[in-house]
Amino acid sequence: MLYTTETKTKCDVKNCKNAADYYFEVKGRAGKCFLCGQCFDALVSDALKKRAPKSPVNSIRKQMSKKEKENAYVEKQ
């Protein structure tokens, strides 16, 4: 999905004049969208802020139910 570029191109982000390090393919006339390392890192950090983290309570409940099942199995024998 994300590829490293080997051609000498500029970053496609507005007001960025850096050389592009990565690209991804898009539909339409442009075909590819080029990103420099700084813009890529900014895009990733913004995306991670908007993504909801998984609740640790679910992990704890999962472990507790697993232990309860193991204890129930031992008691039945």
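Let us look at the structure shown here. In this text the structure is predicted, and so the values were computed from the model without any measurement.

Concerning the overall build of the protein
Within the protein, the regular secondary structure consists of two helices and three strands. Going residue by residue from the N terminus, the α and β elements of the protein occur as β-β-β-α-α. Every one of the 77 residues in the protein was classed for burial, and the buried ones make up 13%. For the protein, the share of sequence-separated contacts (at least 6 apart) that also reach a separation of at least 24 residues comes to 13%. As displayed, the protein offers around 7200 Å² of accessible surface, 54% of which is attributable to carbon and sulfur atoms.

Topic: the pairing of strand β3 (residues 32-35)
As paired strands, strand β2 (residues 22-25) and β3 are joined by four bridges and run antiparallel to one another. Considered in β3, the bridge of F24 is made with C33.

With respect to the side chain of T5
Mapping T5 onto the fold places it in the loop between β1 (3-4) and β2. At 3.1 Å, the side chain of T5 forms a polar contact with the side chain of T7. T5 has contacts with A20, D21, Y22, Y23 and F34, leaving out every residue within four places of it along the chain.

The rules behind each value
Every chain's residues receive numbers from 1 upward, in the order its sequence appears when written. Only residues with pLDDT of at least 70 are given local features in this predicted model, and only at 80 or more are side-chain atom pairs given and counted; all residues enter the totals for whole chains, interfaces and linings. Hydrogens and waters are ignored; side-chain quantities use all the structure's heavy atoms. Comment: elements are numbered from the N terminus, with helices defined as DSSP H or I runs of at least four residues and strands as E runs of at least two. Burial classes: relative accessible area under 20% of the type maximum marks a residue as buried, over 50% as exposed, and values in between as partly exposed (1.4 Å probe, protein chains only). The criterion used for residue contact is that any of the two residues' heavy atoms lie within 4.5 Å. Note that accessible areas follow from Shrake-Rupley with a 1.4 Å probe, and for residues the cover is restricted to the protein chains shown. When DSSP finds two or more bridges between two strands, those strands count as paired. Any N or O atom pair separated by 3.5 Å or less is treated as a polar contact, with the protein-specific requirement of one donor-capable and one acceptor-capable atom, and with residues adjacent in sequence counted only for side-chain atom pairs.

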